[in-house]
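If you want the building blocks of each chain, they are given just below.
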Amino acid sequence: MSAVQPLVARMQGFGTTIFAEMSALAVETGSVNLGQGFPDTDGPPEVLLAAADAIRDGTHNQYPPGPGIPELRRAIAQHQQRFYGLEYDPDAEVLVTAGATEAIAGALLGLVEPGDEVVTFEPYYDSYAACIALAGAHRRVVTLRPDDQRWTFDPDQLRAAITPKTRLILLNTPHNPTGKVFDRAELQLIADLAIEHDLLVITDEVYEHLIFEGTHTPIASLPGMRERTVTISSAGKTFSVTGWKIGWVTASPALTTAVRTVKQFLTYVNGGPFQPAIARGLALPDGYYEGIAVQLRHQRDVLSDGLAGLGYDVIRPQATYFATIDVHADGVEFCRSLPKDKRVVAIPSSVFYDSGAGDNHVRLAFCKRPEVLDEALIRLKGASS
Ligand SMILES: Cc1ncc(COP(=O)(O)O)c(C=O)c1O
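Residues numbered from 1 in each chain as written. Predicted model: local features only at pLDDT ≥ 70, side-chain atom pairs only at ≥ 80, totals over all residues. Heavy atoms only, no water.

A. Looking closely at the overall build of the protein. Secondary structure assignment for the protein yields 13 helices and 15 strands. Expected size for 385 residues packed as a compact globule is a radius of gyration near 21 Å; at 21 Å, the protein falls within 12% of this value. Each principal axis of the C-alpha atoms in the protein carries an extent, and together these give about 60 × 55 × 55 Å. Each of the 385 residues in the protein was classed as buried or not, and the buried ones make up 56%. Taking contacts inside the protein between residues at least 6 apart in sequence as the whole, the part at least 24 apart equals 75%. (Helix = DSSP H or I, 4+ residues; strand = E, 2+ residues; numbered from the N terminus. Rg over C-alpha atoms; globule rule 2.2 N^0.38 Å. Buried < 20%, exposed > 50% of the residue type's maximum accessible area, 1.4 Å probe, protein only. Contact = heavy atoms within 4.5 Å.)

What follows is the structure, given as structure tokens:
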């Protein structure tokens with residue numbers, strides 16, 4: 001066996017993640033795992049049954065069309081129209097992907113040249129850094145900082161991050177891991193800079209329906225932005241089916257074609273029987289969408305109030321699955337000892353940063369049943385074992 005490092009240089013540093021380490025520790029110690037963001041309850045029965053029916057009746061068990069089945073593309077276009085007044089042509093401007101993850105990879109690989117720069121906000125979702133590196137590009141980050149329970153950024157840091165090499169801004173709103181919902185003024189600033197410097201925007205909106213405070217505004221809905229924006233979302237969070245991996249892109253024909261050109265050689269297609277089921281889900285009445293946030297808000301409050309009651313410094317999220325605590329000490333050390341001391345697993349936010357701005361922050365997921373959250377709080381309150 002050659003002694004040469006087999007992993008390509010651009011992927012070095014993306015080896016074993018803290019998620020793998022923490023999940024292993026969770027199993028070893030019998031911990032309540034508030035590390036990974038997936039729900040522990042099922043989504044709407046109509047959607048689950050539609051997938052089962054599609055498998056049983058044998059109509060969707062072979063390769064679906066490359067861009068996704070027409071029924072799902074129409075449902076995605078109708079969803080964008082219904083919630084945001086955005087019109088997309090289901091044939092030329094909608095693409096079904098293997099989760100938002102493939103859409104992010106396809107968009108970055110299809111739109112960014114080696115040597116280009118991508119501006120994004122830290123803390124950032126981990127696949128952004130990996131896909132920017134796969135594209136041979138460089139990331140430049142703008143730091144989100146908590147300020148009296150609201151995460152903000154310095155507009156001058158954003159302006160300074162844009163250079164002649166910048167190709168696009170990669171946005172995530174509502175934002176993982178902070179739970180921030182970018183407000184209209186912040187989005188307008190990003191849009192103004194994108195237009196001024198002729199940049200594209202990729203926006204990851206997978207938490208669009210998981211909002212407790214504030215309003216989700218797709219940046220594509222701002223004047224002048226539709227033609228330069230690739231909007232990405234997925235079914236995983238909205239319908240509690242993170243394992244189905246059905247995501248999508250809405251964008252102008254040229255941008256959709258760029259993403260599809262790469263996507264066809266990544267997975268080609270995926271999730272045949274899940275596609276009609278998600279089409280069914282996207283057509284559910286408004287009451288369903290309102291209900292998601294009501295249930296999750298309760299879970300957010302159980303965890304956030306409970307942690308505050310135990311003396312933790314909690315930064316309550318406006319949206320998503322995650323709350324942050326400032327442990328006023330090294331977050332990695334804190335998270336490494338928590339499973340042994342308290343039998344609870346959390347994730348140090350520092351893994352989502354390039355700078356040290358999140359070194360004392362820890363992320364906990366509340367997309368778990370209230371009794372699971374209560375158990376975690378009881379353990380956190382208990383004496384160290
Ligand atoms: C911000 C963000 N984007 C994308 C994804 C991945 O979405 P999917 O499971 O649809 O690939 C996640 C999942 O946690 C996420 O938090």
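B. Here's a closer look at the sheet that holds strand β15 (residues 361–365). Pairing is antiparallel in the open sheet, where four strands are placed in the order β11-β12-β15-β14. Because the sheet does not close on itself, it has two edges, and the strands there are β11 (313–315) and β14 (347–348). (Pairing = 2+ DSSP bridges.)

C. Quick look at the sheet that holds strand β4 (residues 138–143). With mixed pairing, the seven strands of this open sheet are ordered in space as β2-β10-β9-β8-β7-β3-β4. The open sheet has two edge strands, β2 (94–98) and β4, and neither has a second partner. Geometrically, the sheet is characterised by an average inter-axis angle of 25 degrees between neighbouring strands, direction not taken into account. Bridge count between strand β8 (residues 200–204) and strand β9 (residues 229–234): four bridges; the pairing is parallel. Across the sheet, V201 pairs through a bridge with T229, a residue of β9. Sheet strands touched by helix α5 (residues 126–134): β3 (117–122), β4, β7 (166–172) and β8. Its angle to β7, the strand with the most contacts, is close to 160 degrees. (Axes fitted to C-alpha atoms, helices over the stretch in contact; angles between N-to-C directions.)

D. The nonpolar core, seen in detail. Core analysis: the biggest nonpolar cluster contains 120 residues, and L108, F121, V230 and I278 have the highest contact counts within it. With near-sequence residues (within four places) excluded, L108 lies in contact with V118, Y128, C131, I132, A135, L168, L170 and I202. (Core = buried A, V, L, I, M, F, W, Y, C linked by side-chain atoms within 4.5 Å.)

E. Local environment of the packing of aromatic side chains. Under the counting rule described, the total for this entry stands at 17 aromatic pairs. Each ring, one from F19 and one from F352, has its centre 6.1 Å from the other, and the planes form 50 degrees; the classification is tilted. A residue pair is termed long-range when its members are at least 10 positions apart, and F19 in helix α1 (residues 18–29) and F352 in the loop between β14 and β15 qualify at 333 residues. Each of the two residues, F19 as well as F352, counts as buried. (Phe/Tyr/Trp six-rings, centres within 6.5 Å; stacked < 30°, edge-to-face > 60°.)

F. How the structure looks around the pairing of strand β12 (residues 322–326). Extensive coverage of β12 is indicated by the burial of five of its five residues. Neither face of β12 is open: one carries F322, T324 and D326, the other A323 and I325, and all of them are buried. Pairing geometry for β11 and β12, over three bridges, is antiparallel. Note that in β12 the partner of D313 across the bridge is D326. What sits between β11 and β12 in their antiparallel hairpin is a turn of six residues, with T320 showing a positive phi close to 75 degrees.

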